[in-house]
Each structure stands twice: as C-alpha cells, then as structure tokens.
Amino acid sequence: MAAAINAGACWAWPSRCCNSISTRLACKEESLALTAPELRDLKSSIKDNLKGINRGIFGVQTPKKIAIEELIMELERLNPCPNPMENLPKLDGNWQLLYSTISILGSKRTKLGLRDFISLGDFTQTIDIAKMKAVNTIEFTVPAFSMFRGSLTITASYRITSPTHVDITYESSTIVPNQLMNLFEKNYDLLLGIFNPAGWLEITYLDESWRVGRDDKENIFLLEKLPSS
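From a predicted model like this one, the values you see are computed outputs, not experimental measurements.

Draft legend 1. Broad picture of the overall build of the protein. Along the protein, the regular secondary structure elements total six helices and eight strands. Listing every helix and strand of the protein by position from the N terminus yields α-α-α-β-α-β-β-β-β-α-α-β-β-β. Counting the 229 residues in the protein, one finds 48% classified as buried. By element, 51% of the accessible surface of the protein is carried by carbon and sulfur atoms, the whole surface being about 11,000 Å².

Draft legend 2. Layout of the packing of aromatic side chains. Throughout the structure, instances matching the rule amount to two aromatic pairs. Above the face of the Phe58 ring, Arg109 is positioned so that its terminal group lies 3.7 Å from the ring centre. One cation-aromatic arrangement involves Arg211 over Trp95; the distance from NZ or CZ to the ring centre is 4.5 Å.

Draft legend 3. Region of the structure containing the pattern of salt bridges. Taken as a whole and judged by the stated rule, the model has nine salt bridges. For Arg159, the salt bridge is made with Asp167, and the minimal N-O distance between the two is 2.9 Å. On the basis of relative accessibility, which here comes to 27%, the residue Asp167 falls in the partly exposed class.

Draft legend 4. Structural detail: the environment of Asp92. With respect to the secondary-structure elements, Asp92 resides in the loop between helix H3 (88-91) and strand E1 (93-100). In this structure the C-alpha to C-alpha distance between Asp92 and Met132, which are 40 residues apart in sequence, comes to 9.7 Å. With residues up to four places along the chain from it excluded, the contact list for Asp92 reads Ile127, Asp128, Ile129 and Lys225.

Draft legend 5. View of the environment of Leu183. Here Leu183 is to be found in helix H5 (residues 178-184). With relative accessibility at 32%, the residue Leu183 sits in the partly exposed group. Note: C-alpha distance between Leu183 and Leu112 (71 residues apart in sequence) is 8.3 Å.

Draft legend 6. Seen up close, the packing of helix H1 (residues 36-50) against helix H2 (residues 62-77). Running from amino to carboxyl end, H1 crosses H2 at an angle of 155°, the nearest separation of the two axes being 10 Å. One way to sum up the angle between H1 and H2 is to call them roughly antiparallel. By crossing handedness, the relation of H1 to H2 is classed as left-handed. Counting all contacts with H1, which are made through Leu39, Leu42, Ser45, Ile46, Asn49 and Leu50, the residues of H2 involved are Lys64, Ala67, Ile68, Leu71, Ile72, Glu74 and Leu75.

Draft legend 7. Geometry of the nonpolar core. Counting 40 residues, the largest nonpolar core has Phe140, Leu152 and Phe195 as the members making the most contacts within it. Core analysis: the second largest hydrophobic core is formed by 16 residues, Ile46, Ile53, Tyr205 and Val212 among them.

Draft legend 8. Quick peek at the pairing of strand E5 (residues 165-176). Sheet topology note: the strand E4 (residues 148-160)/E5 ladder contains 10 bridges and is antiparallel. When the bridges of E5 are listed, Ala156 appears paired with Tyr170. Taking the residues that link successive antiparallel strands as the turn, the E4-E5 hairpin has four residues. Examined bridge by bridge, E5 and strand E6 (residues 199-206) share four bridges and lie antiparallel to one another. Bridge pairing links Ile168 to Gly199 in E6.

The rules behind each value
- Residues numbered from 1 in each chain as written.
- Predicted model: local features only at pLDDT ≥ 70, side-chain atom pairs only at ≥ 80, totals over all residues.
- Heavy atoms only, no water.
- Helix = DSSP H or I, 4+ residues; strand = E, 2+ residues; numbered from the N terminus.
- Buried < 20%, exposed > 50% of the residue type's maximum accessible area, 1.4 Å probe, protein only.
- Areas by Shrake-Rupley, 256 points an atom, 1.4 Å probe, with all protein chains shown as cover.
- Phe/Tyr/Trp six-rings, centres within 6.5 Å; stacked < 30°, edge-to-face > 60°.
- Lys NZ or Arg CZ within 6 Å of the ring centre and 35° of its normal.
- Salt bridge = Lys/Arg side-chain N within 4 Å of Asp/Glu carboxyl O.
- Contact = heavy atoms within 4.5 Å.
- Axes fitted to C-alpha atoms, helices over the stretch in contact; angles between N-to-C directions.
- Parallel < 35°, antiparallel > 145°, perpendicular 65-115°, else oblique.
- Left-handed = near helix turned anticlockwise from the far one by under 90°.
- Core = buried A, V, L, I, M, F, W, Y, C linked by side-chain atoms within 4.5 Å.
- Pairing = 2+ DSSP bridges.

Have a look at this one:
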C-alpha cells in the first residue's frame with residue numbers, strides 16, 4: 001500500500017557539529033567527567049520523570065516536558081561517545097524507546113482508534129550494522145477483540161554521512177495480523193506518516209546502555225539497550 005514517506009519519526013542516531021542541532025548543547029571537544037554513581041543518579045532521575053507518561057506519545061504537560069528535556073540535555077552534555085559512527089558495535093542490537101517528542105494527539109489519535117479501542121505496547125528498534133538496516137516495531141493490543149495483539153514493523157536502510165550523522169531511507173512496512181491491518185487500513189498513511197523514519201538523524205548521547213538522538217524534524221528520542229537474547 002502506498003504511504004507518505006516525507007514525515008514522521010526516527011529513533012535516534014548521530015552529533016558533534018557545533019553548527020547543527022548540537023548548538024543547543026554545550027558543544028565541547030571532550031565530554032565532562034561524571035562518576036558512575038552520578039550517571040546512575042541522572043538516569044534514575046530521568047526514568048522517575050518518565051513514569052506515567054506512556055513515552056510521551058500522547059503528549060506531556062509543559063512543566064513535566066521541560067523537566068524531562070532539561071535532564072536529557074544534561075545527559076547529552078556528558079556524551080562519552082561524540083563520534084558514534086566510529087563506534088558502530090555500541091549501536092548494534094535491540095533498543096527500546098523510553099521517551100520521544102513525537103506525539104499522537106487530537107483527531108489523529110481518534111482516527112487511529114488509540115483512545116479506547118487500541119492500546120500501544122512496546123516500541124523497539126533493531127539495528128543491524130552489517131546490513132546497515134534498522135527495523136522499528138510498534139506493538140498494539142486490541143482489548144475489544146479478545147485482547148489480540150499485533151505490530152507495525154518498518155524497515156529502513158541507513159547511510160553514514162559523517163562520523164556523527166546518518167541519512168535514513170524508508171524501505172517497507174508491514175502490519176500483522178490481518179485483523180490489525182483491517183483496523184488501520186483506512187488511516188494507514190496517517191499511521192505510517194507518524195512513525196516513518198525517513199530523514200537524517202544525529203546521536204547526541206551514546207553509551208553501553210542508553211542512546212539519545214535528534215532528527216531533522218526537531219524530535220528527541222531516548223532509548224535503552226535491551227539485553228542480548
């Protein structure tokens with residue numbers, strides 16, 4: 001099915017360029033020092049602020065949003081990996097979305113049935129550095145139909161354009177099972193437009209377990225690495 005691919009969301013890749021998004025940060029040649037306990041406390045504070053907001057997908061009250069994004073900026077200033085494209089093994093693997101500034105509000109949420117009819121599950125991303133692919137998966141639950149579950153999977157390829165940036169190209173998408181596709185079919189372009197990863201991305205923070213990215217649409221994405229299966 002044809003889908004608009006000029007808008008949407010990218011879940012966190014690559015930056016260090018002082019003339020890009022990073023100008024909003026304290027662009028430094030080296031990361032600020034931070035002890036392991038201090039980093040744990042910062043991450044714990046971020047997670048505490050994320051409780052009860054469903055990753056921000058249905059909007060966040062302004063004071064809470066400001067608090068979360070100030071903490072994320074503090075984390076970004078301490079980025080231990082300023083050139084992520086030179087540290088690809090850290091990117092490889094499975095990631096889970098903790099927070100994003102993309103949102104589904106108002107009539108969009110109603111059209112997609114995401115108020116009472118369909119519930120959102122996990123948002124995950126699998127990065128395969130050998131194939132230069134990223135697969136984003138959004139899980140859904142439909143309580144009205146015996147709690148059946150399904151998912152939207154979007155596959156994209158990426159091209160490294162600098163030590164800190166990648167260009168993302170949408171390749172394909174699928175929804176399973178067919179019952180879920182039937183529910184979304186009328187508004188499939190709307191759904192894909194929200195989650196489409198086409199565009200460029202920069203990583204503003206990367207360590208062994210967390211990743212922060214900002215895209216060309218000024219969205220923020222915070223992800224946590226999942227344990228290897």
